[in-house]
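What follows is the residue order along each chain.
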Amino acid sequence: MRQKSELRPYQHRIATALYENDEKIAVVRPGGGKTVAALTAIEELIRDKHVRHVLVIAPKRVARMVWPDEIALWAHTRGLSYQVLSGTPQQRLIGLAEAHAGVFDITIVGIDIVEWLVDALVKLPDDSRLFDLLVIDEVSRLRKPSGVRARRLLRYAKRWRMIWGLTGTLRPSGPEDLFMPATVVTRARLWGKSFYRWRKDRFYPLDYQGYTWAPLPGAEEVINRQLAPLCVTLRDDELPQLPELSILFDRVELPPSARKQYNDMEEKLMLRDDNGIVLASTAAVATGKLAQIANGFVYDDGATIRLHPEKEQWAQDIIDDAAGPVLLIYEYREDLEMLRGLLGEDLPYLGDGVTDKASDHNITQWNAGKLPFMAMHPASGGHGLNLQHGGSDMAWICPTWSPELWEQTIARLHRSGQNKSVVVRVCSAADTVDEMKLDRVHKKMTAQAAFEAYLRRHQGQESSTAIT
């Protein structure tokens, strides 16, 4: 069991900032220990009788495993009583009633049932202890202004006396991501409730349809200055020292037949005329079937048509050369089936189709060093999970489009507690949308800039100017 004295100085500072503020967002990179910092503040608030109960909303697996594990790990938080709200709606209602009656200090809820939760909470009186403090772990999950969960929480946010947000990547795709997390935490005090009015005042559209926007000159600096008092984060000299991280990019070439199929499909999604390049309406149009072809297959009316084995051969090389456990990151179900063909149908994985019980078992086995290989979809393991104890090698069948999932997934291994150098290998098919994805997540381009860079490169007109 770890002692409170083992907390890093910045964790004490973050805990103090949370303790002293009714509205706060702790921005701590993955693996930096934001959960125990929040728990430290929670324990002190309950000890000092400033709050009676804390409601925690977190990504599903983080709610089920990470928060309970952290509570049990530390001597100063182990005495906190908690429940993870689960089961049928009736069972969850019983749990809320017990929390309202004072049975638990903390109620932990998966973000997947937030809509149900809010509907259940509105029936409670304003003085219920369930409205003392709301903690939203990975508050960046609420960044979509049209998201049902974010809108539902915002509608009733004023009922809580205190709201904290925790995140490792507050603005994974750009400054527009900041609006909804900050608005929920501040109960719309900072920028009002209307995202579209806020955006109109600070951004301008890059296309006629208004799909993509960019900040007006000086607007981003103003946004950051307004947001800064709400946030607590690490100073440069406080960053924990992590093992070396190496990201290696492997390229495979599509065979001639697959290249022709790719080009045929590509022509239907983008056009070139005598005046240059005519862009598709959004960068997302260039994904879909093109990304499938890059991976070696295409879905067609429910059937899977296999087109080439290049990435399968790459995966076989990774498996043959493995010097230790490898976390295999897949995008499509067909990618997982390909890995099962190489490693057996019983390959442990985290993703759709795995029960909560099986996922927990797989995570435990991995961290115990008992799994030479485990597959994972980024969306199923992108936040909060501690996988650093099971291995230090990761291999991506293809890049993801999401900068947030890219950073969060790598941080499952490259985080505090990892004692080996972390090696991440990424397979991309040359001259395909895989390169667009890498521009997006690794070079930190906007979606539109990554799309344009891909088109220029495909035509052999890539600018010599480095983009970072």
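To keep things clear, this report deals only with the structure shown in the data block. (Residues numbered from 1 in each chain as written. Predicted model: local features only at pLDDT ≥ 70, side-chain atom pairs only at ≥ 80, totals over all residues. Heavy atoms only, no water.)

### Comments concerning the pattern of salt bridges
Within this structure, the stated rule accounts for 24 salt bridges. Arg333 is paired through a salt bridge with Glu337; the nearest N and O atoms lie 3.6 Å apart. Taken together, the residues span about one helical turn, with Arg333 and Glu337 both in helix 13 (residues 333-343) at a distance of four residues. The class for Glu337 is partly exposed, based on a relative accessible area of 26%. Each member of the salt-bridge network shares a partner with another, and the members are Lys60, Arg64, Asp356 and Asp360. (Salt bridge = Lys/Arg side-chain N within 4 Å of Asp/Glu carboxyl O. Helix = DSSP H or I, 4+ residues; strand = E, 2+ residues; numbered from the N terminus. Buried < 20%, exposed > 50% of the residue type's maximum accessible area, 1.4 Å probe, protein only.)

### Regarding the sheet that holds strand 1 (residues 23-27)
Read from one edge of the open sheet, seven strands run 3-4-2-5-6-1-9, paired in parallel fashion. Two strands close off the open sheet at either side, each with one partner strand: strand 3 (82-84) and strand 9 (231-233). If you compare each strand with its neighbour and ignore which way they point, the axes differ by 20 degrees on average. One ladder, built from five bridges, connects strand 2 (residues 54-58) with strand 4 (residues 106-110); its direction is parallel. Across the sheet, residue Ala58 finds its bridge partner in strand 4, namely Gly110. The strands that helix 3 (residues 60-73) touches are strand 2, strand 3, strand 4, strand 5 (133-137) and strand 6 (162-167); relative to strand 4, the one it contacts most, it runs at about 150 degrees. Packed onto the sheet, helix 5 (residues 114-121) meets strand 2 and strand 4 and runs at close to 155 degrees relative to strand 2. (Pairing = 2+ DSSP bridges. Axes fitted to C-alpha atoms, helices over the stretch in contact; angles between N-to-C directions. Contact = heavy atoms within 4.5 Å.)

### Some details on the side chain of Glu23
Mapped onto the elements, Glu23 comes out in strand 1. In terms of polar contacts, Glu23 uses its side chain to reach the side chain of Arg187, at 3.0 Å. There is a polar contact of 2.7 Å between the side chain of Glu23 and the side chain of Arg189. Excluding anything up to four places from it in sequence, Glu23 contacts Ile163, Val185, Thr186, Arg187, Arg189 and Leu230. (Polar contact = N/O pair within 3.5 Å; in protein donor to acceptor, adjacent residues only side chain to side chain.)

### Quick word on the sheet that holds strand 18 (residues 393-396)
Taken together, the six strands give an open sheet; going across it, the order is 10-19-18-15-17-16, and neighbouring strands pair in parallel fashion. A single partner strand is all that each edge strand has here, and the edge strands are strand 10 (245-252) and strand 16 (349-350). One ladder, built from four bridges, connects strand 15 (residues 326-329) with strand 18; its direction is parallel. Each bridged residue has a counterpart across the sheet, and for Leu328 the counterpart in strand 18 is Ala395. Along the sheet, helix 17 (residues 433-441) contacts strand 10 and strand 19 (422-429); its crossing angle with strand 19, the most-contacted strand, is approximately 140 degrees.

### Some details on the packing of helix 4 (residues 89-101) against helix 5
Contact pair helix 4 / helix 5: the axes reach a minimum separation of 11 Å and the direction vectors enclose 50 degrees. Taken together, the axes of helix 4 and helix 5 are oblique relative to one another. In this structure, the crossing between helix 4 and helix 5 has a hand that is right-handed. Of the residues in helix 5, those touching helix 4 at Pro89, Arg92, Leu93 and Leu96 are Trp116, Leu117, Ala120 and Leu121. Taken together, the residues of the contact of helix 4 with helix 5 break down into seven nonpolar, no polar and one charged. (Parallel < 35°, antiparallel > 145°, perpendicular 65-115°, else oblique. Left-handed = near helix turned anticlockwise from the far one by under 90°. Nonpolar A, V, L, I, M, F, W, Y, C, P; charged D, E, K, R; others polar.)

### Here we look at the nonpolar core
Nonpolar side chains tend toward joint burial in soluble globular proteins. Counting residues in hydrophobic clusters, the biggest one holds 54 residues, and the most contacted among them are Ile42 and Trp67. Here the element with the most residues in this core is helix 2 (residues 34-47); it accounts for seven residues. If you look at the next biggest cluster of nonpolar residues, it comprises 45 residues, including Ile25, Ile113, Ala182 and Val184. (Core = buried A, V, L, I, M, F, W, Y, C linked by side-chain atoms within 4.5 Å.)

### Quick look at the environment of Ala75
Note that Ala75 resides in the loop between helix 3 and strand 3. A sequence separation of 71 residues divides Ala75 from Lys4, and the C-alpha atoms of the two residues are 6.9 Å apart. For Ala75, the residues in contact, after removing those within four places along its chain, are Met1, Arg2 and Gln3.

### As for the environment of Leu371
Looking at the secondary structure, you find Leu371 in the loop between helix 14 (356-367) and strand 17 (373-376). By relative accessible area, Leu371 is classed as buried at 11%. Expressed as a C-alpha distance, the spacing of Leu371 and Val326, which sit 45 residues apart in the sequence, is 8.6 Å. Dropping the residues within four chain positions of it, Leu371 is found in contact with Pro325, Pro348, Asn362, Gln365 and Trp366.

### Some remarks on the packing of aromatic side chains
Tallied over the full model, the rule gives 13 aromatic pairs. Plain terms: the ring middles of Phe195 and Tyr196 are 5.2 Å apart, the flat faces sit at 80 degrees to each other, and that makes the pair edge-to-face. For Tyr196, a relative accessible area of 51% puts it in the exposed group. Ring geometry for Tyr330 and Tyr349: centres 6.4 Å apart, planes at 70 degrees, overall edge-to-face. On the criterion of sequence distance, the pair formed by Tyr330 in the loop between strand 15 and helix 13 and Tyr349 in strand 16 is long-range, its members being 19 residues apart. (Phe/Tyr/Trp six-rings, centres within 6.5 Å; stacked < 30°, edge-to-face > 60°.)

### Topic: the pairing of strand 1
Counted residue by residue, strand 1 has five buried out of five residues, so it is predominantly covered. Here strand 1 runs beside strand 6; their pairing, made up of five bridges, is parallel. Residue Ile25 lies in a different strand from strand 6, and its bridge partner there is Gly165.

### Some details on helix 17
Burial analysis of helix 17 places nine of its nine residues in the buried class, the great majority of the element. Residues Val433, Asp434, Glu435, Met436, Lys437, Leu438, Asp439, Arg440 and Val441 constitute the buried set of helix 17.

### Some words on unusual backbone geometry
For Glu138, which is not a glycine, the phi torsion comes out positive at approximately 55 degrees. When you line up the elements, Glu138 lands in the loop between strand 5 and helix 6 (148-156). Given a relative accessible area of 2%, Glu138 falls into the buried group.

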